[in-house]
Each structure stands twice: as structure tokens, then as C-alpha cells.
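# Descriptive analysis of the structure
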Amino acid sequence: MKRLLYATAAVGLAIAAPMDRAEAFCGFYVAKADTKLFNKASKVVVARKGDRTVITMASDYEGAASEFAMVVPVPTVITKGQINITENALVDHLDAYTAPRLVEYFDPDPCNIPRPMAMAPGATAARSADAAAREDRRRSLGVKIEAEYTVGEYDILILSAKESGGLETWLRENDYKPPQGAGPVLASYIKQGMKFFVAKVNLKEKDRLGTKYLRPISVAFESPKFMLPIRLGTVNANGPQDMIMFFLTEKGRVETTNYRTLKLPSDMDVPIFTRNEFGAFYKAMFETQVKKDGMKAVYLEYAWNMAWCDPCAADPLPNDKLVELGAFWLLDGPGAPSGPGVMPRRMRPPGGPANVFVTRLHVRYDAVNFPEDLMFQETADSSNFQGRYVLRHPFTGPATCSAGEAYKRNLQTRFQKEAATLANLTGWDIAMIREKMAKAGQPMSAPPIPGGDDDAWYKKMWPGRSSP
Amino acid sequence: MFGASSRLQSRSLPTSAGPGSRCLLATVRTLDPRYLQIASLGILLTFGLGWLGFDQSLINVSVILATILATQLVLGWIMQPGRAFDPLSALISGLSLCLLLRAGSLWVLALGAILAIGSKFFLRVDGKHVFNPTNFAIAVLLLFTDLAWISPSQWGSQTWAAFLFACLATMVLSRARRGDVALAFLGTYVAVLFLRALWLGDPWAIPMKQMQSGALLLFAFFMISDPKTTPDRRGHRILYGVLVACLGAWIQLGLYNPNGLMYALFFLSPLVVLMDRAAPVASTDRYAWSRPSI
């Protein structure tokens, strides 16, 4: 089976290959860890200042390298110097740094089943056709190869086309089988003057370089279009997809201008047993929010100056890594890219913040709710935001004084509130939550009946009196 | 017994309610339309802050409103001594700024409020102020600084129908006689969206989504239709609405700038002066808040 990766625009990646199930969540976040939430989602890093944009597309493609292919609409022709192959570790580091706090691993999304792409059996034979004949065919289809490069382990073509039918046919005949129904979307991009960045793996180069996994591709260009095309990826897609976007900017937070950008609920007290189910918790909470907002919003998961963090899910990225990911403006600034660039963790930099602000956006999208490509703007908002969930361990020693008794009584209210918060955030059954809380050392007396006697105003006057 | 009583009630209800409701409607229509606009904007702001999670705090709102009223008071006292303090227009500008303008610092919001009222007092030609105060403040801050932004998508598209209803109701009830420019603008803008989709071969879902925007309606019914900064003649107003829509769409869709409509209105506002000079109307025919239905 041929596996294809369709990347949309400068980026929305639509994973077009069935992926292996990810390993289950296996622990609570401790200081240094590889944080992978929704780890089968597309990941894109966008660094931008003015019209200068660097987009890094990371793929967690795990199939055979020979079967990998991607097609990305880009605003301009890209020269060889504008392409760089970087390391997965960089994107993973950024992912870990911006991940919701205290989480190490996350369950894969069972609803986010990647779209299988069957390859026509005859396609391989088509490749053996004579080169000259192929050239004629390409011309007759109105497809122009603007440039052709081998960079790292990838063979890359920059295509332009006169009309979508020819492009679609050419892609199909050259093993880039586009999804059924891609024609109108390709036509729209062609009319908007977009080019197509097309990549396959060069197996010889891959063997020579000895790279085990496919590495992320960075593309640098200048364009007023601050966007991520997601439309190609939604054509014929099998259900909604997730994309996590990391923006590196000089000033402040990035938001979408044609869809609502909402902050995910954060800074909430949740029951202690959540520690062991943090991955499932975060996933359920995300799903509940998506459902509540009708799958019409993009969610802010992190916004912070790259110089520090509190608490840190991973160390901030040093300047040289940020430059590698496209923060080119650091080359002109006082922070030398070769230097450490960041302050010790949990500390504010004494000389003012670093010149990189990171925004992490998470979107679950499909063609119905997200018919249009994602458009963005950088705002002047440099305030901090992070997904942070708080576990509060109660005091378990003897409490013999009156304040201690009051504390114990208040604990019940607190536990009830934590249970309600968790149920509200995740949609989980509150009875099950209470049961798990009891097992985890947060027992509750009988749940209060809403509007019932337990909460009555007169109980507060005579707390010592028991009901008959 | 029961039947007789029912009949009596059913007969008496229309005769007692009819004149009452007509009276209420008449009262609303003769009222200064700014009261209705303030009520509408206030409701929208409450909804945005309370339910839609607007990125605007109550402190920000207080700073904008306090600054704008204080600026109106001070400049009115200096520039138009002897005239009574009229907070209504300033309040409309202030509420519009609260709905639209976002900034990282409080002083930028205060500056926006000062720019808005300042433009009203200092940028005047032929007895009219040239720019819509809110538009002027936002456009200047967006064009010349990197301190502020607007969030055109903050309304989402789910509340669009209710929003449209509220805007139309306000327009009809206030009889501000500037519905023509709002409708000309909206009609043209929506037509451009659909024609573009037709040309690109895009699904209708795309222009539908672009059209279902609270920011677009707010712009149409509360900014471009400001009676004080639109041409005096109806033909000119319609032309003006069409031009703003075309320029705005081009900046937004052609230059990929999400603030296209704000810039289009800002750049085309001086055209109103030229239009009014080309075919002047008698000063008694000019728009006055006290004579909304003339």
C-alpha cells in the first residue's frame, strides 16, 4: 500500500497514512520529558517577522520511506537555499516546552484516524516510462517544474500549473496520488497564484545520511500571506484532524483572524487521581471544549516569552535552536545565537525578555467547520498563558483543634468542587469521579442533593446539630 | 359566566394594548437614536465579555469609557465653551472602542479614546468632523504603531443571526436615515465575496462563513453608517458604501490584511468632504441627532 502525506500550505498537514497506535500515556510529567500530547497530530512551526516567514513541517510518519510523499501549496517559488532539513528533536523540544503543564504523555485520539491512501497498483509501472515521454506529458498537462532540488533525504520539486485538471493528473501519474475531489481546491490555489512544494524521499540519500526517521522540512519565504492552508488536507478526509501550531514571533501572541481563538480552561483545581490519568483528562477536556464550541474555534494552549517559564515542562530553547527554527531576527539582536540565550528555569531574565514569543495553538478541524484556510495575525499581547492544572493534596494528619475540624469540613466542599470541575471539564460521570477520588484518598460523604438540606443556610448557624 | 368574562377580556385587550404599544413605538422613534445605539452596544459588550470570552477586561472597559468621557468634557469645555456637556456620542465611540480595540497596555487604550474624541474636535471641515472617531483611533493605532490590534473573528459565526437581528432592529427603530449606506456597503461586500468564490471555484461555505461575521455587522451598522461622517445626499452615500466595500475587500482579500475594512473607511473618509462640497445641501437638511427622522 502506498502511503502519502499531504501537507497543506505552508502547511496544515493532513496525514494520509494509517499510523500505528501510539503507546499509552505512561506517567506523570516530571522535570525533563518528551511531552507528546495528541502525538499523532500534525505539528507545524511558523516563525514570522514582517513578511518573512519560515515554516517547519514535522511529520510523525512511520511508514516506509519509499512511500512518503507530500504536496504543500506555497505562496512563492522556493529556491534551494530557502529549504532546510532540520531535526525532529527541535520540534519535539518546542512541543515539550509549550505542552500543558504536568503532562508527559497523552493517549492518541481514537477519533483522529488518519486517512488511508491506497495507491493504484498500476502506478509503479507508470514510473518506468521513458523520461522524454514523461516530459512531454508534463508539458501537455500544463504543469511546469519551476525548480528541482535534492535537500537532505528529500527530492523536492516546485511546481506551477495552469489548471487544476492537469496538475491533478500529473500528481496522480507521478505517485503523488491526490485525494479524490482535490481538483477544485488545487484550482483555487492556482488562481490565487500559489505554487506547489512537492517532496519525496530520496532513498539513496537517506541511506547515505543514515537518518532513521524522516526529518522536518523548513521553508523560508517572503509573503504577506500569514496563513496555513488546510483545505487540501480536509478533502475526502476520514473525520476531523488535529493540528498543533507553534508560532515564533518577536512581539506577541498569534491568533486566527477568520476563526475564533479561545483560551482553553486553565488554572483549575482537579482531583488528585487525575495525576495518573492526565493524558486522558486533557484529551477529554479538549474534546468537551471542541464539542461545546461546535468545532468552530482554535484553542490557545500556551503563550509565553521564550526566555523563561513557570513551571517549566522543558527548558526554554536556546537561541541557536530558535534560529534553526526560523527566528532569524535573533541574528541581529544582542543575544548571540551561539550563546545560551536563556535564563535558568523559573527565573525572569534580568535584562528584559528575549526576543522570541511563542504561541501554541491547537485546532481540530474538518471541511464542514473549517472550509477556509487558517489566517493569522500577530498581536501586541505579550501576556502569559499556559494550560496548568493543579492538584492539591489535603493534610492527612490528626486535626484535633476547632480550626482543624473546620478544615476537615471544608475539605468536603473542596472535594465536591473538584469533582464537579472535573466532570464539567471532561464530561466524565461524576459518580465514577467520586469513586476514584475515594480510592485516591479524597473520600466524600454522601454527595449533596442539589437544593437539599446539607447546604441549607441554617446549617451554618448550628453546625454541631445533627439531623434527626 | 366564564364565557362572558372571556369574551369581555378578548374584546377589551386589543383596545387597551393597541394605543399603548403604538405610543411606545412612537416614543422610541422620536427619542434621540443614540440612546438606542448605546443600549445595543452595551448589550453586545455585555454578551461579548460575559459569554464569548472577549479578550477585554472590565478594567480596560472602565479606562476607555472614563478617558473618552473626560476627553469629551475637557475638549468641549475648551473648544465649545457655553455648550452643555453631551456624553451620548462619546459614549457610543467609547463602547465601540471597547468592542473593537485590543491592546497590551492600558495607556494605549486611553490613547485610543483621546484620539477618537480629539479627531472629532480638531479634524473638521465645513462644520462636520471628517472621520468616524472610533475608526480614526483604531486606524491610526494600527497603521502607525504596533501596540494595538483588533480581533475580527472574536464573535464567531454561531451568534450571527441574532447579531444581524439586533443590528437591523436598531437601524429600523432609530430611524437614523443612514441605513442606505450600511446596506449598500453590506450588499457590495457580500457580492464581492460570492463573486470571488465563484471565480476561484470555492464552495459557497467559504463566502457564507466570511459573511457571517459579527465584526462585519458592527462595522456596517455602527461605524460606516455614522450619520455625522457620511455624505449628506443619498446617492453619494450609496456610492460611498460601495467604494468602502470594494477597497476594504481588496485590502483584505488581495493584500491579505485582516484590518481591510478599518483602513478602507479611514482612507475614504475625506471623500465625504468632496462629495458634500460637490453637491451641498442646505444646512437645515443636514443630519442632526435631535431630528433623526427628518
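This text follows the structure it describes.
We now turn to the structure provided with this report. No experiment lies behind these values; they were computed from the predicted model shown.

The rules behind each value
Residues numbered from 1 in each chain as written. Chains lettered and ligands numbered in written order. Predicted model: local features only at pLDDT ≥ 70, side-chain atom pairs only at ≥ 80, totals over all residues. Heavy atoms only, no water. Helix = DSSP H or I, 4+ residues; strand = E, 2+ residues; numbered from the N terminus. Polar contact = N/O pair within 3.5 Å; in protein donor to acceptor, adjacent residues only side chain to side chain. Salt bridge = Lys/Arg side-chain N within 4 Å of Asp/Glu carboxyl O. Buried < 20%, exposed > 50% of the residue type's maximum accessible area, 1.4 Å probe, protein only. Pairing = 2+ DSSP bridges. Phe/Tyr/Trp six-rings, centres within 6.5 Å; stacked < 30°, edge-to-face > 60°.

Here we take up the environment of serine 62 of chain B. Residue and element names in this part refer to chain B. Summarising the element assignment, serine 62 is placed in helix α3 (residues 58–79). When the C-alpha atoms of serine 62 and glycine 94 are compared, they prove to be 9.7 Å apart, with 32 residues separating the residues in sequence. Here leucine 58 takes part through its backbone oxygen, which lies 2.6 Å from a polar atom of the side chain of serine 62.

Let us look at the pattern of salt bridges. Residue and element names in this part refer to chain A. Evaluation of the coordinates by the stated rule reveals 30 salt bridges over all chains. Across the pair lysine 43 and aspartate 92 runs a salt bridge, and its minimum N-O distance is 3.7 Å. Here lysine 43 is found in strand β3 (residues 42–49), whereas its partner aspartate 92 is found in helix α1 (residues 88–98), with 49 residues between them in sequence. By relative accessible area, which is 9% here, lysine 43 ends up buried. For aspartate 92, a relative accessible area of 22% puts it in the partly exposed group. Notably, a salt bridge pairs glutamate 87 with arginine 215, separated by 3.2 Å at the nearest N-O pair. With glutamate 87 in the loop between β6 (83–85) and α1 and arginine 215 in the loop between α6 (203–209) and β10 (217–222), this pair connects stretches of sequence that are 128 residues apart. Take arginine 215: its relative accessible area is 15%, and that puts it in the buried class. Residues joined in a network through salt bridges with shared partners are Lys43, Asp92, Asp95, Glu301 and Arg360.

Next up on the list: the pairing of strand β8 (residues 154–161) of chain A. All names here are of chain A. Within β8, 7 of the 8 residues are buried, which leaves the element mostly enclosed by the surrounding structure. With 8 bridges connecting them, strand β7 (residues 143–151) and β8 associate as antiparallel partners. Bridging across to β8, glutamate 148 finds its partner in leucine 157. The loop that links β7 with its antiparallel partner β8 comprises 2 residues; one of these, glycine 152, has a positive phi angle of about 55°. Bridging between β8 and strand β9 (residues 195–201) involves 6 bridges; their strand directions are antiparallel. The residue of β9 that forms the bridge with leucine 159 is phenylalanine 196.

Note on aromatic pairs: each is described by the distance of the centres and the angle between the planes. Under the counting rule described, the total for this entry stands at 23 aromatic pairs over all chains. Ring centres of phenylalanine 226 of chain A and phenylalanine 376 of chain A lie 5.6 Å apart, and the angle between their planes is 45°; on these two criteria the pair is classed as tilted. In this pair, phenylalanine 226 of chain A is assigned in the loop between β10 and β11 (227–228) and phenylalanine 376 of chain A in strand β18 (residues 374–378), connecting sequence segments 150 residues apart. Residue phenylalanine 376 of chain A is classed as buried on the basis of its relative accessible area, which comes to 5%. Aromatic pair tyrosine 263 of chain B and phenylalanine 267 of chain B: ring centres 6.4 Å apart, planes at 45°, arrangement tilted. With a gap of 4 residues between them, tyrosine 263 of chain B and phenylalanine 267 of chain B both fall in helix α12 (residues 260–278), about one helical turn apart. You can call phenylalanine 267 of chain B partly exposed: its relative accessible area is 47%. Feature note: the residues Phe131, Phe136, Tyr263, Phe266 and Phe267 of chain B constitute an aromatic cluster, connected by ring pairs.

Remember that the coordinates give geometry; whether it matters functionally is a separate question.
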